[in-house]
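# Chains, contacts and geometry: an overview
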Amino acid sequence: MKELLEWLIPTLASAYAVYTFTAIGSTIVERSGILNLAIDGLFVLSSSLAYTYAIYFSIALQPGTLATFLSVVFTAITTALLYSAYTTLNTVLPVSQGAVGLSFMFVGYGLGAIVGNLGRVSFSLYRVRVEYIGVAQSGAIFVYLLVVLVVAVVHLVLYKLKLGVLVRAVGEDPRLVGQTGISVVRARFLSGLVSGMLIGLGGALFTLWRVGGWSQGQGLNHGWLGYAISIAGWRYPPLIAIVSVFFSLAYVLLPYLQSAGLPVEVSTSAPYAISIAAMVVVSITHRKSVTLLDPKSLGRAFFIEEQA
Amino acid sequence: MVKISLVVTKRYKKSVSTSTPAILSLSLLLGLVISYVLIWFFTKLDPASFFSTFYSTLASYAGLLEPLLFLSLLGTAISVAFYGSFWNVGAEGQYVLGMLGAIYLVMFSPASSMLLGSDGTTAGVAKLLAVALGGFLGSLWSLLPGVLKAYTKIGEVPVMLLMNYIAYSISDYLTAGPWKGRYTYGYIRTDLIPESSKLTVIPGFEILRYEVVAAVAIVFIGAYLLIERTWLGLEIKVLGSNPVALRSSGRDEKKTIVLVSAISGFIAGLAGALRLLGYDYRLAYNIGDGKTGFYGYTAILVAWLSFRDLKLVLPSALIVSALSSFGYRMQMSLKGLLPPGVSAFAFSQIFIGVTLAVYTVIRITKEYSVKLVVAR
Amino acid sequence: MSMFFPPGRLILRVVGLTKRFPGVLALDRVSLELYSSEIHSILGENGSGKSTLAKIIAGIYTPDEGYIEILGKSVKLLNPIDAVSYGIYYIPQTPNLIERLTVVENVLMVMRSYGVFARTSSIRDLVVEEFRRIGSPVDPEARVSELSYTQRQVVELVRASLLRVRVLLVDEVTTYLPTSIRERFYGYLRKMKSEGRTVLLITHKVSEAVDVADRVTVLRSGRVVRTLERAEFDVDYVRRLMFGEDYSASELLKNALSSISITENRRAVVKLDRVWTASENGGPVLKDVELSVKPGEVLGIVGISGSGQRELAEVLVGLRPVKSGRYYVDGLDVTNRGPEVIRAAGVGFISEAPLYYNLSGDLSLVENLALAIRGRLFLPLKLLTSKTRELIEKYGIAAASPKTPVKVLSGGNVMRFAIARELEFAKKVLVVLNPSRSLDERFVSSFTSAIRKLSQSSNLSVIYISESLDEVLRVSDSIAVISGGRIVGTFTRESVEREVLEKLMVM
């Protein structure tokens, strides 16, 4: 039992951090009215980016905490830029958000494979011993603190500051908000920036902390888990923080049950089945609180209609 | 100070549907150029080898026939769903379920021994049943997100993307477990299906099968009649363009969603069954690792490019076949020029994603006028 | 107030503005001058282009020709962001407020002097103070969805005031307010004026323009007829300018329709029994509604925008579930049995937005006609096509062919087609929702007289829901007023006083 707990707690905690960052990031994009179908592709891309950045920084500086730290930061910045491009494109033009989301997903998968392989080539060329994020023992506590901080700060920003008011307002009715002289593009650009940073952080920690290496296709579907957590938590940070515990637990524990005779295919697909089940439960739950309702304009094309 | 602003307005009067072929070719062209720039950024690949490889992909059209047939089938499946705004991104999973249905019928069902006896006279019935079961399973797989969308308003897109992976897992479970073959040289896979249940090769065209060509024709004509000539087709189109009008006309919106999801899934499952009986002949472990050719995903692009116009499914399927074959060709012919390990998968995904994005952006000009206003 | 100019300074000049919409010349070389400390009224019928003009000044629409000068300098207003930065603020008839956000959040949202990291609470006191100054306290923490129409408009005024706008565009805001509250609104506007601001009051009511404005510009069919100084204000003269020759005709129509049909002692065809329904947010939007309509009776239901009319229409045609209460059509209980049963019971629906409620714009006229019919398997295309041709001819719909997609028709023709289809297929009951929103004035009057004729000749019961009191007075046998989701009064046409209805509408 003690053995199990010694293994379980850090594993659970690292999974929790990854999925919570990702889910909170997804929440901000969708609260601003942008359907986040890009999430899985950009999660895969960011997890590959983190690996390659880590290799490059390890070669340029030296393997260690600084290189790891820098690679996390750079991944977060790169993903933030990609996400703000995503939200901006979806706002500037009345495109189908679904199609744009899927195309970002595909490109994310493809670029992720190329980027990761670039890192792997340098890795075998220089034989760097990449000491992955050194937080497993000493620094982990900072990541945990960061999770708590992110949940609290995002909640505060969304519901107490003007920035959050703008994000929620453009998610409700961008046309109406635009008519009062507010830049819808800017509000959505900013929410894309923040979301991308968090999703990038999730992807980076996934590679550098949870997996500790890279192989092609890594991270596939883990973005969707973050998405499912965001929906199951009613796109509301405090609830996401709670829901994420259960998802992470399921994700961590199921493979463990393999030794108890559970087929590997069941344990790999169970999180997806659980995600679907969670979405069903959420959608049939009657929501009394206005705060928990879906953003009114989620996924709708935005344009100014000129009519007589 | 110079201010630049995009003024986008919805247009009602002018319909620009005639320019659809132009939009298609422009998307393909721009998609290739942008993909090249993206790939160049990481690989410094020279443009000559990139574009000459694309040209040689088109030139070897025989190699495009097989993806063309399956992308047409799956593209039709998804297009029918798109008419009803049912965004079937789960064709990949339905396709896999179709394979499972077909192999079950010809290898593991009681019917298989009865119908595939020594004389082979009833083999045709077995094949027909196998395809029908594949279609049925595909339609069940698509029905679940359809029912969820209709009755709980859950977006079908994430559900189906997740279900695709569950379908892979089911296939892998069966392949490694109950259906594991005896003569597999150490690979984890099923045995080959009985010889008599394999589809018929068209003499002179090794890559074609009579049954597949016939199925493409039947499915295509059937889908066209459904959409343009039947009451159900009308209801599907109204569901896709204005669900409120469908309801206020006294029709059951939910029933229509469920029906369109089932029809779409049936065609996708049928494609999977044909694939298994005509080309793969067995299931292999790790099916999600490219063993489906990702046709179910690739066909999403076919359906987008031919958006709600069945006539355009074939040309779009051709374009997409070229794009996806292009990825494989690049991997093979540019081996020395690319970082090792960079796979066809990566290129195909980039081409598909970029072309889809470009098309989505260009397409808005059909419904909106976009003016760039520059003020001093 | 230092940021405003002394009275009489030329603030904003509009020169030769032209704006075309598909098939319509909405504005035709319109020029206008606005001065500091004035209330300037733009007066015109529906469809005369006054809202379009306001929306161009507010940067919402871009003009095809012409330009705008602010303080003598030509400016390009590419979007509302530009307009607000020049101190121009637009208040539409339906306030630009986000219903699910609170009052404070709605105010903070537009405040440019507050950075994105400003706390919501930091502006609370200022908001409370401004409400007090205007003299209409509103709970700053209330969600907008909980506010009355009048309160929402006050929130808009508070926003404008805190934004320190120079030019305030008020579009039909006071139209549906009862006289007493309207007077108070005028007070707010005069206060704005006395501080040196310019108020552009857009209205179609002559009395309103004459009461409060310093100058009045009359628009007709997108053209400026005249700008009048206060000394020239004369109600009849202004009215003639506004309507042109049509004035006498519309007056005649009003008189012709004053004969009343008597429909007593007959069983009700439509009966709503204590019906409640909920909004998308779950809150009640129809409260305890009781209605009954007899064969051949036209029941007008009037209320200001957002009082539950849309929801009532949706309940009547089965698009919105009833939370409690019963709904009967011709004695049959159709409560929550969906549009399938209700439509089959003979209920037709003409709405303010046919392309939203009734038709599919992407599909052809034939297919849209088919939508009103039921069938199995294959479509009888030949039959449908000839029936469509018949309707095109009978109702004078300008369409190239029966196969033309509905969306390429002009707005008026789309509406005609929707009306044609419903008049053909509604057997017992016709639900009409705000038709004047998508019809020009002239077609509205021929439509209302057609409705009256039809109701009498074929015993059709009509529920005519509208925001326009004039229209309802013109068409109805009896009138019910809806306010805040409740029927607050039902009257027969003879017994009713306009002033009473107006008061009830904003209760």
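Residues numbered from 1 in each chain as written. Chains lettered and ligands numbered in written order. Predicted model: local features only at pLDDT ≥ 70, side-chain atom pairs only at ≥ 80, totals over all residues. Heavy atoms only, no water.

## Thoughts on the packing of aromatic side chains
All names here are of chain B. To keep it simple, the criterion reads: Any two of the Phe, Tyr and Trp rings considered here, Trp counted by its six-membered ring, make a pair once their centres fall within 6.5 Å; the pair's planes then place it as stacked at under 30 degrees, edge-to-face at over 60, or tilted in between. Helix numbering and strand numbering both begin at the N terminus, where a helix is a DSSP run of H or I of at least 4 residues and a strand a DSSP run of E of at least 2. Burial here depends on accessible area, computed with a 1.4 Å probe over protein chains only, as a share of the maximum for the residue type. Under 20% is buried, over 50% is exposed, and the range in between is partly exposed. The rule for a charge over a ring is simple: NZ of Lys or CZ of Arg within 6 Å of the ring centre, and within 35 degrees of the ring normal.
A complete count under the given rule lists 39 aromatic pairs over all chains for this structure. Centre to centre, the rings of Phe 294 and Phe 345 are 5.3 Å apart; their planes meet at 55°, and the pair counts as tilted. Of the two residues, Phe 294 is situated in the loop between α11 (253–280) and α12 (295–305) and Phe 345 in helix α14 (residues 344–363); the sequence distance between them amounts to 51 residues. On the basis of relative accessible area, Phe 294 is assigned to the buried category, the value being 13%. By relative accessible area, which is 22% here, Phe 345 ends up partly exposed. Members of the aromatic cluster, each reached through a chain of ring pairs, are Tyr 36, Phe 50, Phe 51, Phe 54, Phe 326 and Phe 351. One Lys or Arg, Lys 44, reaches over the ring of Phe 41 and ends 5.9 Å from the middle of that ring. The ring of Tyr 279 is capped by Arg 209, whose NZ or CZ atom sits 4.3 Å from the centre of that ring.

## Concerning the sheet that holds strand β17 (residues 429–433) of chain C
Residue and element names in this part refer to chain C. To be explicit about the condition: Two strands pair if DSSP finds at least two bridges between them. Note on geometry: axes are lines fitted to C-alpha atoms, helical ones only across the stretch in contact, with angles between N-to-C directions running from 0 to 180 degrees. Between two residues, a contact is recorded if the distance between any of their heavy atoms is within 4.5 Å.
If you walk across this open sheet you meet the six strands as β16-β17-β18-β13-β19-β20, and the pairing is mixed. Two strands close off the open sheet at either side, each with one partner strand: β16 (347–350) and β20 (486–492). Neighbour-to-neighbour, the strand axes of the sheet open up by a mean angle of 20°, direction not taken into account. Pairing geometry for β17 and strand β18 (residues 461–466), over five bridges, is parallel. Across the sheet, Val 431 pairs through a bridge with Ile 463, a residue of β18. Of the strands in this sheet, β16 and β17 touch helix α15 (residues 411–425), which is tilted by about 170° from β16. Along the sheet, helix α18 (residues 498–505) contacts β13 (298–302), β19 (478–483) and β20; its crossing angle with β19, the most-contacted strand, is approximately 30°.

## Some points on the interface of chain A and chain B
For clarity, the cut-off: Summed over both partners, the accessible area (1.4 Å probe) lost when two parts come together is defined as the buried area. The rule for a salt bridge is simple: a side-chain nitrogen of Lys or Arg has to be within 4 Å of a carboxyl oxygen of Asp or Glu. Whenever two N or O atoms come within 3.5 Å, that pair is a polar contact, provided that in protein one can donate a hydrogen and the other can accept it, and provided that, for residues adjacent in sequence, both atoms are side-chain atoms. Only Asp, Glu, Lys and Arg are considered charged in this grouping, and only Ala, Val, Leu, Ile, Met, Phe, Trp, Tyr, Cys and Pro are considered nonpolar; every other residue, Gly among them, is considered polar.
Taken residue by residue, the interface counts 47 residues in chain A and 49 residues in chain B. In this assembly, chain A packs against chain B so that about 4,100 Å² is buried in total across both faces, 80% of it on carbon and sulfur atoms. Among the residues of chain A in contact with chain B, Phe 106, Ile 114 and Glu 265 of chain A are the three that bury the most area, contributing 16% of the side total. Viewed at the interface, chain B and chain A are joined by zero salt bridges. For the pair chain A and chain B, the interface holds two residue pairs in polar contact (both at pLDDT 80 or more). Mapped onto the side of chain A that touches chain B, the elements with two or more residues apiece are α3 (65–92), α4 (97–126), α9 (222–232) and α11 (264–284) of chain A. Per-element tally for the side of chain A that touches chain B: the top contributor is α4 of chain A, with 17 residues. A class-by-class count of the residues in the side of chain A that touches chain B yields 32 nonpolar, eleven polar and four charged.

## Side note on the sheet that holds strand β10 (residues 223–229) of chain C
All names here are of chain C. On the basis of which strands lie adjacent, the open sheet formed by six strands has the order β6-β7-β8-β3-β9-β10 and mixed pairing. Each of the sheet's edge strands pairs with one partner strand only, and the pair in question is β6 (88–91) and β10. Strand after strand, the sheet turns through a mean of 15° between neighbouring axes, direction not considered. With six bridges connecting them, strand β9 (residues 215–220) and β10 associate as antiparallel partners. When the bridges of β10 are listed, Thr 217 appears paired with Thr 227. Lying on the sheet, helix α1 (residues 50–57) is in contact with β3 (38–43), β6, β7 (167–171), β8 (198–203) and β9; it crosses β8 at an angle near 150°. Against the sheet, helix α5 (residues 149–162) touches β6 and β7, its axis set at about 175° to β6.

## A look at the layout of surface pockets
This is how it is decided: Buriedness for pockets is judged along seven lines, at least five of which must meet protein on both sides within 12 Å for an open set on the 1 Å grid over protein atoms alone, while cavities are sets there where a 1.4 Å probe fits but cannot get out, and lining residues have an atom within 4 Å of a point. Grid points are joined across faces, edges and corners, and a volume is the space filled by probe spheres set on the points.
Roughly 1,100 Å³ of volume is contained in the second largest pocket. Together, 42 residues line the second largest pocket, and Leu 220 of chain A together with Tyr 165, Tyr 168, Gly 288 and Asp 289 of chain B are the ones closest to its centre. Contributing elements (two or more residues each) for the lining of the second largest pocket: α4, α9, α10 (237–256) and α11 of chain A together with α7 (156–176), α13 (313–333) and α14 of chain B. Counting residues per element, the lining of the second largest pocket draws most heavily on α11 of chain A, which supplies seven residues.

## Quick word on the packing of α12 of chain B against α13 of chain B
All names here are of chain B. Stated formally: Each angle is binned into one of four classes, with values under 35 degrees roughly parallel, values over 145 roughly antiparallel, values of 65 to 115 roughly perpendicular, and all other values oblique. Take the far helix as your reference; a near helix turned counterclockwise from it by less than a right angle gives a left-handed crossing, and one turned clockwise gives a right-handed crossing.
Relative to each other, α12 and α13 sit at 140°, their axes nearing to 8 Å. By the angle between their directions, the pair α12 and α13 is classed as oblique. Our pair here, α12 against α13, has a crossing hand that is right-handed. Packed against α12, whose contacting residues are Thr 298, Leu 301, Val 302 and Leu 305, the element α13 presents Val 313, Ser 316, Ala 317, Ile 319, Val 320, Leu 323 and Ser 324 at the interface. Residue composition of the contact of α12 with α13, by class: eight nonpolar, three polar and no charged.

## Describing the pattern of salt bridges
Residues and elements named next belong to chain C. Applying the stated criterion across every chain yields a total of 46 salt bridges over all chains. Note that Glu 99 is salt-bridged to Arg 152, the shortest N-O span being 2.9 Å. Placement of the pair is Glu 99 in the loop between β6 and α3 (103–110) and Arg 152 in helix α5, with a sequence separation of 53 residues. Exposure remark for Glu 99: the relative accessible area of 31% places this residue in the partly exposed category. By relative accessible area, which is 17% here, Arg 152 ends up buried.

## Overview of the domain arrangement of chain C
Interfaces are frequently sized by the accessible area removed from exposure as the parts join. The line we're drawing: In this entry, domain limits derive from an automatic or database-based domain assignment.
The domain boundaries assigned to chain C delineate domain 1 (1–87 + 168–244), domain 2 (97–163), domain 3 (256–346 + 428–505) and domain 4 (361–425). Using only C-alpha atoms to locate each centre, domain 1 of chain C and domain 4 of chain C end up separated by 40 Å.

## Here's the deal with the confidence of the model for chain B
What counts here: Per-residue confidence from the predictor is given as pLDDT, running between 0 and 100.
Per-residue pLDDT for chain B has a mean of 89; in total, 95% of the residues score no lower than 70. Looking at the elements of chain B, mean pLDDT is at its lowest for strand β1 (residues 3–10) of chain B, recorded as 74, and at its highest for α11 of chain B, recorded as 97.

## Focus on the packing of helix α2 (residues 39–60) of chain A against helix α8 (residues 184–211) of chain A
All names here are of chain A. One way to put it is that α2 packs onto α8 with a least axis distance of 7 Å and a crossing angle of 55°. On the basis of their axis angle, the class for α2 and α8 is oblique. Between α2 and α8 lies a crossing whose hand is right-handed. Residues Ile 39, Phe 43, Ser 46, Ser 47, Ser 48, Ala 50, Tyr 51 and Ala 54 of α2 touch α8, and the partners they reach there are Ile 199, Gly 200, Gly 202, Gly 203, Ala 204, Phe 206, Thr 207 and Leu 208. Looking at side-chain class alone, the contact of α2 with α8 contains nine nonpolar, seven polar and no charged residues.

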